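Read off the chains here:
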Amino acid sequence: MKQITIAIDGFSSTGKSTVAKQLAKHLGYIYVDSGAMYRAVTWFAMQHHFIEKDHFHIQDLISNLHKITISFKFNPELGFAEVYLNGKNIEQQIRTLEVSSFVSQIAEISEVRELLVKQQQKMGECKGIVMDGRDIGTVVFPNAELKLFMTASAETRAKRRYNELIERGDNVSFKEVLHNVQSRDYIDSHREDSPLTKANDAIEIDNSNMSLEQQFNKIRQLVETKLQENH
Ligand code: DC
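First things first, this report covers the structure right here in the doc. Per-chain numbering applies: the sequence of each chain, read as written, is numbered from 1 onward. Where local features are concerned, this predicted model is filtered to residues with pLDDT of at least 70; where side-chain atom pairs are given and counted, the filter is 80 or more; whole-chain, interface and lining totals use all residues. Side-chain numbers come from the whole structure's heavy atoms, not from hydrogens or water.

**Let's talk about helix α7 (residues 154–168)**
What counts is decided by this rule: Helix and strand definitions follow DSSP, with helices as H or I runs of at least four residues and strands as E runs of at least two, each counted in order from the N terminus. Here the expected span of a helix is defined as 1.5 Å times the quantity of residues minus one. The buried label goes to any residue with under 20% of its type's maximum accessible area, the exposed label to any with over 50%, and the partly exposed label to all in between, with areas taken from a 1.4 Å probe on protein chains only. Arc, as used here, means the arc of the directions from the helix axis to the C-beta atoms. Any pair of residues with heavy atoms lying within 4.5 Å of one another is described as a contacting pair.
The terminal C-alpha atoms of α7, which comprises 15 residues, lie 21 Å apart, in line with the 21 Å expected from a rise of 1.5 Å per residue. Every buried residue belonging to α7 is among A154, R157, A158, R161 and L165, and all of these are buried. The arc that holds every buried residue of α7, seen down its axis, measures 95°, which confines them to one face. Where α7 is buried, its residues meet α2 (34–47), α4 (97–106) and α8 (174–190). G169 sits one or two residues past α7 and shows a positive phi near 95°.

Here it is, written out as structure tokens:
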């Protein structure tokens, strides 16, 4: 059967990666978490002190972007690909609230976007890919056969992210997680370069009141229809 490209966009913690992983597994497609790539650049910037409490050394980061190699390696135990920066697994490091609090500002830098978008388009050259992010249906794969735009209320999303962080053992308050979610929403949808917007041909899924199973069944039907159309 002919393979298609599936683009999943939406605000943070809308469950994009959960559904993307489910779909990739169901279809035998590659899954790429594009947010992890922006997080990897953020981690690199933190490690090299290009990010300090009150100051971003943006020019220094830009002139060091050539030193960044991001790759994904499938972890059969977890059932998805983990992100590597220059050969080192940084999957755990990039999920902290500290990285989350800087990543939207890193994602505003056009030179960073240009570099990562090129790599993402290369990964999708042969189709058979599910990629989630903020600009996948609008910029990375404008011709994707299926585009989904996931939404849920900020409180629902903050609760999900808070539970994830607490489960990992991070010491965070619900209030700071909610603040992080809301401030990332604002920056992601107001930046000049590739702001988060719903592509005209994307299908909106509000999962505030949907179980994971209900959501997957709905999306699976959309995929089946697209696969038949592109047969
Ligand atoms: O999906 P996430 O929360 O891991 O993404 C982290 C940040 O990266 C998010 O705040 C915005 C940015 N991002 C982006 O600008 N474009 C993408 N395609 C993916 C993520």
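Structure's up, so let's keep going.
**Overview of the nonpolar core**
This is how it is decided: Definition used in this section: a nonpolar core is a set of buried Ala, Val, Leu, Ile, Met, Phe, Trp, Tyr and Cys residues joined via side-chain atoms within 4.5 Å.
Ranked by size, the top nonpolar core spans 38 residues in total, and within it V41, L61, I70, I106 and V112 carry the most contacts. When residues of this core are traced back to their parent elements, those giving at least two are α2, α3 (58–63), β6 (80–85), α4, α5 (110–123), β8 (129–133) and α6 (136–140). The dominant element in this core, judged by the number of residues it contributes, is α2, at nine residues. Sequence-distant contacts of I70, that is, excluding residues within four places in its chain, are made with M37, A40, V41, V83, Y84, L85, L116 and Q119. Residues I4, I6, Y29 and I219 belong to the second largest nonpolar core, which totals 19 residues.

**Description of the environment of N180**
Cut-off, in case you're wondering: Polar contact is defined as a pair of N or O atoms within 3.5 Å, subject to the rule that within protein one atom must be able to donate a hydrogen and the other to accept it, and that residues adjacent in sequence are counted only when both atoms are side-chain atoms.
Turning to its location among the elements, N180 is positioned in helix α8. Relative accessible area serves as the criterion here: at 7%, N180 is assigned to the buried category. Taking the C-alpha atoms as reference points, N180 and K16, separated by 164 residues in sequence, lie 18 Å from one another. In this structure, N180 is in contact with L97, S100 and S101, ignoring residues within four places of it in sequence. A polar contact is formed between the side chain of N180 and the backbone oxygen of S100, at a distance of 3.4 Å.

Nothing here speaks to function; it is all geometry.
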